[in-house]
Amino acid sequence: MSAVTVFAPATVANVACGYDVLGFAIDAPGDYVVVRHSDQSGLRITAITGDEGKLPSEPAKNTAGVAALDLLNHLGKSDLGIEMEIHKRMPFGSGLGSSAASAVAGAFAVNALIGSPLSKKQLLPFAMTGEASADGAWHADNVGPSLLGGIVFVRDNAELDVAKLPVPDNLWSAVVHPDIEILTKVAREILPKEISLSDATTQIGNLGGLICGLIQSDYGMISRSIHDVIAEPRRQKLIPEFYEAKRAAMAAGALGFSISGAGPSVFALCEGKEVAEKAGAAISKVFSAIPLSNQLHISPINTEGVRVVAEVPALS
Ligand code: HSE
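The structure displayed is predicted, hence computed values, not measured ones.

A. Geometry of the domain arrangement of the chain. Taken domain by domain, the chain comprises domain 1 (3-165 + 302-312) and domain 2 (171-300). Look at where the C-alpha atoms of domain 1 and domain 2 centre, and you get two points 24 Å apart. Opposite the 32 residues of domain 1 that make contact, domain 2 presents 35 residues. Where domain 1 abuts domain 2, roughly 2,300 Å² becomes buried across the two surfaces, and 65% of that area is made up of carbon and sulfur atoms. Interface area lost by domain 1 to domain 2 is led by Ala16, Cys17 and Tyr19, which between them contribute 26%. Taken together, the links from domain 1 to domain 2 amount to 2 salt bridges. Taking the shortest distance from any N to any O, the salt bridge between Glu181 and Lys54 comes out at 3.7 Å. Between the two partners, domain 1 and domain 2, sit 11 residue pairs in polar contact (both at pLDDT 80 or more). Among the elements that take part in the side of domain 1 that touches domain 2, strand E2 (residues 22-37) stands out by supplying 7 residues, more than any other.

In structure tokens, the structure reads:
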């Protein structure tokens, strides 16, 4: 193969009750990476678009570059001549797994270019190294679903022991990104180092309940389980009108509502596209009334994850 273009989707991490251990992929937005063989030895980043000049083009300092370098090094192909283009089509600091999508796209694109010697699951550690180079934290709840697709449960982040959960047929999401930026590092620092036994018990019950609900396509159980007593109560203050947006989503029929990853994006999980559209519009209206501009993404759970595509869409 002489050139490959790939798309890695945005993700909703935590899914309320699964802090650092649960995430799902959505259809859009996401990041694109193009790679092609080159006569010049080593990996070079030759173009970056959609990043507002924020991303370094030195491969060792760039999430997509670090993931690709780590993979090439592992395969003993560090000298292989490769040109990489990165096309960001999602915002930074959005709570949508922006750095994870770039890292996943970088590792997957290079692997595809050289004939896919590794499976998607085997690419996980390399994509993780790429993401960790951006925010310093090691949690697979964005990288896992962006790479593998679907709803991914992480039993252990250090071991990267992950499993794809069943996705009920009619499960849709409404994700709304208000135009403010929250640094993941800051959103992690405001969390307590210790929690009470009672909060731990509640959270474990809800996480188990959500997983049972997904396995059994039990929307009632899913709905009763989408609660977060650990991160949401602390992080909600970073998101204007959070509880008003939650009230609006639930009144529109959502199964549950919470913060996407570290925020500021929020999500509603819904039974069916129609409810997702109603809930999404209701959330968007709350932000717009502040006024706070925002983008709404309605999507079923993206069960495929990163994939090869024909071309990169132009910047809008
Ligand atoms: N689980 C992470 C967090 C996701 O909530 O901080 C952010 O990337």
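The structure having been displayed, the exposition proceeds.
B. Up close: helix H2 (residues 98-113). With 16 residues, H2 extends 23 Å from end C-alpha to end C-alpha; this agrees with the ideal 22 Å at 1.5 Å per step. Across the 16 residues of H2, 15 count as buried, placing the element largely inside the fold. Within two residues after H2, Gly115 carries a phi angle of roughly 90°, on the positive side.

C. Fine view of the pairing of strand E8 (residues 256-259). As paired elements, E8 and strand E9 (residues 266-271) share 4 bridges and run antiparallel to each other. Looking across to E9, one finds that Gly256 is bridged to Leu269. Taking the residues between adjacent antiparallel strands as the criterion, E8 and E9 are bridged by 6 residues, where Gly261 takes a positive phi near 55°.

D. How the structure looks around the packing of aromatic side chains. Counted by the stated rule, this structure contains 4 aromatic pairs. Look at Phe242 and Phe257: their rings are 5.3 Å apart centre to centre, the planes differ by 50°, and that puts the pair in the tilted class. On the criterion of sequence distance, the pair formed by Phe242 in helix H9 (residues 242-251) and Phe257 in strand E8 is long-range, its members being 15 residues apart. These aromatic residues form a ring-pair network of at least three members: Phe242, Tyr243 and Phe257.

E. Broad picture of the packing of H2 against helix H3 (residues 120-135). At a minimum axis separation of 8 Å, H2 and H3 run at an interaxial angle of 135°. Here H2 is positioned oblique relative to H3, judged by the angle of their axes. Crossing geometry of H2 relative to H3 is assigned as right-handed. Between H2 and H3, the residues in contact are Ser99, Ala100, Ala103, Val104, Ala107, Phe108 and Asn111 and Lys120, Leu123, Ala127, Gly130, Glu131 and Ala134, respectively. Of the residues in the contact of H2 with H3, the class split is 8 nonpolar, 3 polar and 2 charged.

F. Main features of the environment of Leu214. Checked against the element boundaries, Leu214 lands in helix H6 (residues 197-215). You can call Leu214 buried: its relative accessible area is 3%. As a C-alpha pair, Leu214 and Val167 span 47 residues in sequence and 6.0 Å in three-dimensional space. Contact partners of Leu214, with chain neighbours within four places excluded, come to Ile151, Leu165, Pro166, Pro168, Leu171 and Ile222.

G. Region of interest: the sheet that holds strand E10 (residues 294-300). Read from one edge to the other, the open sheet built from 4 strands follows the order E8-E9-E7-E10, with strand pairing classed as antiparallel. Of all strands in the sheet, those with a lone pairing partner are E8 and E10, marking the two edges. Taken pair by pair, the neighbouring strands of this sheet meet at an average axis angle of 20°, ignoring direction. Helix H10 (residues 273-289) contacts strand E7 (171-178), E8, E9 and E10 of the sheet and is inclined by roughly 15° relative to E7.

H. Representation of the nonpolar core. Membership of the largest hydrophobic core comes to 64 residues, with the highest contact counts inside it found for Phe24, Val33, Val35 and Met84. Counting residues per element, this core draws most heavily on H2, which supplies 9 residues. The next biggest cluster of nonpolar side chains, apart from the first, holds 24 residues, and it includes Val176, Ile259, Val266 and Ala276.

I. Main features of the pairing of strand E3 (residues 43-49). When E3 meets strand E4 (residues 82-89), the two strands line up parallel, connected through 6 bridges. When the bridges of E4 are listed, Leu43 appears paired with Ile82. Regarding the hand of the β-α-β motif, the stretch spanning E3, helix H1 (residues 63-74) and E4 is left-handed.

J. Representation of the environment of Gly95 in the model. Note on placement: Gly95 falls in the loop between E4 and H2. In this structure Gly95 comes out as buried when scored by relative accessible area, which is 14%. Separated by 165 residues in sequence, Gly95 and Ser260 have C-alpha atoms that sit 5.5 Å apart. Once residues within four sequence positions are removed from consideration, Gly95 is found in contact with Thr11, Ser260, Gly261, Ala262, Gly263 and Pro264.

Cut-offs used in this document
- Residues numbered from 1 in each chain as written.
- Predicted model: local features only at pLDDT ≥ 70, side-chain atom pairs only at ≥ 80, totals over all residues.
- Heavy atoms only, no water.
- Domains from an automatic or database assignment.
- Contact = heavy atoms within 4.5 Å.
- Buried area = accessible area lost by both parts, 1.4 Å probe.
- Salt bridge = Lys/Arg side-chain N within 4 Å of Asp/Glu carboxyl O.
- Polar contact = N/O pair within 3.5 Å; in protein donor to acceptor, adjacent residues only side chain to side chain.
- Helix = DSSP H or I, 4+ residues; strand = E, 2+ residues; numbered from the N terminus.
- Expected span 1.5 Å × (residues − 1).
- Buried < 20%, exposed > 50% of the residue type's maximum accessible area, 1.4 Å probe, protein only.
- Pairing = 2+ DSSP bridges.
- Phe/Tyr/Trp six-rings, centres within 6.5 Å; stacked < 30°, edge-to-face > 60°.
- Axes fitted to C-alpha atoms, helices over the stretch in contact; angles between N-to-C directions.
- Parallel < 35°, antiparallel > 145°, perpendicular 65-115°, else oblique.
- Left-handed = near helix turned anticlockwise from the far one by under 90°.
- Nonpolar A, V, L, I, M, F, W, Y, C, P; charged D, E, K, R; others polar.
- Core = buried A, V, L, I, M, F, W, Y, C linked by side-chain atoms within 4.5 Å.
- Right-handed = clockwise from strand over helix to strand, strands pointing away.

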